[in-house]
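Architecture at a glance
Single-letter residue listing:
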Protein chains: 2
Amino acid sequence: MASSPSGALGALDPTSDRAVFRQIADQIREAIDKGRFKEGDKLPSEAELVEHYGVSRMTVRNSLSILQTEGLVVSEHGRGVYVRPRPPVRRLASDRFARRHREQGKSAFIVEAEAAGSKSEVDSLEVGEERPSQDIAARLGSPRRVLARRRRYLLDGRPVEFATSYLPLDLARNTPIAQPNPGPGGIYARLEELGHRLDHFDEEIKARMPTPQEVRTLRLASGVPVIHLIRTAYDTEGRAVEVCDTVMAADAYVLSYRLPAT
Amino acid sequence: MASSPSGALGALDPTSDRAVFRQIADQIREAIDKGRFKEGDKLPSEAELVEHYGVSRMTVRNSLSILQTEGLVVSEHGRGVYVRPRPPVRRLASDRFARRHREQGKSAFIVEAEAAGSKSEVDSLEVGEERPSQDIAARLGSPRRVLARRRRYLLDGRPVEFATSYLPLDLARNTPIAQPNPGPGGIYARLEELGHRLDHFDEEIKARMPTPQEVRTLRLASGVPVIHLIRTAYDTEGRAVEVCDTVMAADAYVLSYRLPAT
DNA sequence: CTTGCCCACTCGTCTATACGAGTATGCGTC
DNA sequence: GACGCATACTCGTATAGACGAGTGGGCAAG
């Protein structure tokens, strides 16, 4: 019997008051947890599950949709339902913007990716002036217009993050910061050259489900949340000189911070 | 016409190749975004949406389930489907474990909650010895057994976080740390009294969808991810003296870190 | 061998129907 | 007024069927 495609799955408990589609989801989840289905494995097809459990197709689909929203499986039209492979993870260390890392010329993203043995790219770089949202304006000291730098990052061909930096116009206009490529060390190096010595960053982190637009941009599987990070850079005079709004695919990141105990 | 319960919603585009249930979800989502349905408002009932769009009930339910997994709405059996209210948010500052905050006697959680005007509780406190998981053991320097302190935090009656602290047994056994209530300043104060002056913390942050067990423990609405934070405390000799594994309801938290630019 | 088509299999969308179960309201009884 | 019950309305669970659309393999024609 274990040779059938559903061999890793048991039978329903008709005396249970747990809904049938939940029982099916439980069994498949357990089979995945215990390794009876491994990453990338194909689950039994809907038709096979219908056969195995003796239920209707919609019930099976209901079960599978639970597992999808939990991020455990992905379905591929015309092919099957697969155990979701865990992508390689990028670690973001809290010292990634330390001054010593700015010497080398490449962007922090690419340097880190190469260190981890991954190929990375930056695409759809857009630079322009715009009116800031209320939130961004408040963080930057209420400028009427800002310079916005938008870009998307890819890791081994997969989009993992998109970010927008906002800078007050009076600070960034007619500087290398307004160029698509701001030069070695990135915009933080340029800011310091312009006399804004950086003092500290504030980072705010939230997690939530993505908007449909974010699902498209990051090609997110269902059941994958996003990490929303808003970083504000302050110079030694206490002025907010940049706000960076970043949305990351949560399954591709671990954030790491080191805090003094004092 | 705007007096009908579905007055905030438009009509379907039969020429679109976008699936009907997605179009319906799009319209409801837009109505929520634009404030035509506000937080806590009741959406039109499934029957009313069936009537309004002229589709079958399963199609409407399909649309609503999309919005549920996006965390936009919650359904209540026998009552209706409601725009999900945004709960009050707890801000966790990166200096929350600073030594100066440990003087006052109360736990960091309760002090912060009261400052924000919320009522907070800690429940289901369990303290005991156990064998550590591989991951925890690795972080603590591979002790064979550890002291585990589990507890759940509630904010205004709602569970928002549960956490487990692990400490090497040789360090915690027969000390106030092994008591349910470790005394003023919490276990960090006790560790320092025991001669382990704290040097720094490492925090690792991930976000993901909750397991069914976490859904129960935190009473999570569907479409709400969790933030998984693992903090390791090091003493001045470089020894890992505690690992704290925390799972938080993502809709209840904003994490905040301040980083030096040096 | 290569090309192109057909077909089987997969998941996606949608309909129509039935009954169960939780909630709230109003009404009648006490 | 307080209580309990009937009822209407809500969402939850499940069935059976139909057709569409993407994928991949096999087979026949070239």
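The rules behind each value
- Along each chain, residues carry numbers from 1 onward, in the same order as the chain's sequence is written.
- Chains and ligands are labelled by the order in which they are written, letters from A for the one and numbers from 1 for the other.
- Only residues with pLDDT of 70 or above have their local features reported here, since the model is predicted, and side-chain atom pairs are shown and tallied only from 80 upward, although totals for entire chains, interfaces and linings are computed over all residues.
- To get the side-chain values, take all heavy atoms of the structure and skip hydrogens and water.
- Near is defined per residue: the residue qualifies when any heavy atom it owns lies within 4 Å of the molecule or strand.
- Think of a polar contact as two N or O atoms within 3.5 Å of one another; within protein, one of them needs to be a possible hydrogen donor and the other a possible acceptor, and neighboring residues in sequence only count if both atoms come from side chains.
- Here a salt bridge means any side-chain nitrogen of Lys or Arg lying within 4 Å of a carboxyl oxygen belonging to Asp or Glu.
- The way it works is that DSSP assigns letters per residue, a run of H or I at least four long becomes a helix, a run of E at least two long becomes a strand, and they are numbered from the N terminus.
- In this scheme, a residue with accessible area under 20% of its type's maximum is buried, one over 50% is exposed, and one in between is partly exposed, where area comes from a 1.4 Å probe on protein chains only.
- Between any two strands, at least two bridges found by DSSP are needed for them to pair.
- In this analysis an axis means a line fitted to C-alpha atoms, helices contributing only their contacting stretch, and an angle means the value between N-to-C directions, from 0 to 180 degrees.
- Contacts were defined at the residue level, with two residues in contact if any of their heavy atoms lie within 4.5 Å.
- Angular relationships are summarised with four words: roughly parallel below 35 degrees, roughly antiparallel beyond 145, roughly perpendicular across 65 to 115, and oblique for the angles in between.
- Each crossing is labelled by how the near helix is turned from the far one, with a counterclockwise turn of less than a right angle marking it left-handed and a clockwise turn marking it right-handed.
- Classes in brief: Ala, Val, Leu, Ile, Met, Phe, Trp, Tyr, Cys and Pro nonpolar; Asp, Glu, Lys and Arg charged; the others, Gly included, polar.
- Here the quantity called buried area is the total loss of accessible area, with a 1.4 Å probe, experienced by two parts when brought into contact, counted for both.
- The copies were overlaid by least squares, fitting only the C-alpha atoms of residues that reach a pLDDT of 70 or more in each copy.

By the naming in an unreviewed UniProt entry, chain A is Transcriptional regulator, GntR family, taken from Streptomyces pini.

A word on the protein's contact with DNA strand C. Around DNA strand C, a shell composed of 24 residues is seen, among which R57, R61 and S75 of chain A together with V20 and T59 of chain B lie nearest. For DNA strand C, the backbone makes up 66% of the atoms found within 4 Å of the protein, where backbone means sugar plus phosphate. The separation between a phosphate oxygen of DNA strand C and a polar side-chain atom of S45 of chain A is 3.5 Å. Here S75 of chain A contributes a side-chain N or O atom positioned 2.9 Å from a phosphate oxygen of DNA strand C.

Quick look at the pattern of salt bridges now. Evaluation of the coordinates by the stated rule reveals 42 salt bridges over all chains. Across the pair D26 of chain A and R29 of chain A runs a salt bridge, and its minimum N-O distance is 2.9 Å. Here the residue D26 of chain A and the residue R29 of chain A both occupy positions in helix α1 (residues 20–33), the gap between them amounting to 3 residues, near one helical turn. Here D251 of chain B and R158 of chain B are joined by a salt bridge, their closest N and O atoms 2.9 Å apart. With D251 of chain B in the loop between β9 (240–249) and β10 (253–260) and R158 of chain B in strand β6 (residues 158–168), the pair connects residues that are 93 residues apart, well separated along the chain. On the basis of relative accessible area, D251 of chain B is assigned to the buried category, the value being 16%. R158 of chain B gets classed as partly exposed once you look at its relative accessible area, which sits at 22%. Residues joined in a network through salt bridges with shared partners are R18, D26, R29 and E70 of chain A.

What surrounds DNA strand D is a group of 24 residues, the closest being V20, F21 and T59 of chain A together with R57 and R61 of chain B. What you see for DNA strand D is that sugar and phosphate hold 66% of its atoms within 4 Å of the protein. With respect to DNA strand D, the side chain of R79 of chain A contributes an N or O atom lying 3.2 Å from a phosphate oxygen. Separating a phosphate oxygen of DNA strand D from a side-chain N or O atom of S45 of chain B is a distance of 3.3 Å.

Here we take up the sheet that holds strand β5 (residues 146–155) of chain A. Ordered in space as β4(A)-β5(A)-β6(A)-β9(A)-β8(A)-β7(A)-β10(B)-β3(B), the 8 strands form an open sheet in which the pairing is mixed. Of all the strands in the sheet, the pair left with one neighbour each is β4 (120–130) of chain A together with β3 (90–93) of chain B. Across the sheet, the mean angle from the axis of one strand to that of its neighbour is 15°, orientation sign disregarded. Of the strand pairs in this sheet, strand β6 (residues 158–168) of chain A and strand β9 (residues 240–249) of chain A are connected by 6 bridges, and their pairing is antiparallel. Among the inter-strand pairings, Y166 of chain A is bridged to a residue of β9 of chain A, identified as V243 of chain A. Lying over the sheet, helix α4 (residues 108–115) of chain B contacts β3 and β10 of chain B, oriented at roughly 125° with respect to β3 of chain B.

Residue and element names in this part refer to chain A. Of note in this structure, N174 is not a glycine but carries a positive phi near 60°. Within the secondary structure layout, N174 lies in the loop between α6 (169–172) and α7 (186–193). With relative accessibility at 76%, the residue N174 sits in the exposed group.

Take the packing of α1 of chain A against helix α3 (residues 57–69) of chain A next. Residue and element names in this part refer to chain A. Look at α1 against α3: their axes get within 8 Å of each other, and the N-to-C directions meet at 50°. By the angle between their directions, the pair α1 and α3 is classed as oblique. As for how α1 packs across α3, the hand of that crossing is right-handed. Counted together, V20, F21, R22, I24, A25, I28 and R29 of α1 and T59, N62, S63, L64, I66 and L67 of α3 form the full contact between these two elements. Class assignment of the residues belonging to the contact of α1 with α3 gives a composition of 8 nonpolar, 3 polar and 2 charged.

Take the interface of chain B and chain A next. In this complex, chain B contributes 37 residues to the contact, which on the side of chain A involves 36 residues. For the pair chain B and chain A, the summed buried area comes to about 3300 Å², and 59% of that belongs to carbon and sulfur atoms. By the criterion of area lost to chain A, the three top residues of chain B are Y257, L259 and A261 of chain B, representing 21% of everything that side buries. Among the salt bridges present, the one from E204 of chain B reaches R91 of chain A, with a minimum N-O distance of 2.5 Å. Between the two partners, chain B and chain A, sit 12 residue pairs in polar contact (both at pLDDT 80 or more). Of all the elements in the fold, those that place two or more residues in the side of chain B that touches chain A are β7 (198–208) and β10 of chain B. At 11 residues, the largest contribution of residues to the side of chain B that touches chain A is made by β7 of chain B. Two elements, strand β10 (residues 253–260) of chain A and β7 of chain B, share 6 bridges in a ladder whose sense is antiparallel. Note on β7 of chain B: the bridge partner recorded for Y257 of chain A is E203 of chain B.

Here we come to the relation of the copies chain B and chain A. With an axial shift of 0.1 Å and an RMSD of 0.1 Å, the rotation relating chain B to chain A amounts to 180°. What the rotation and shift describe, once combined, is the action of a two-fold rotation axis. The residues that chain B uses at the interface reappear at the interface of chain A in 97% of cases, marking a shared surface.

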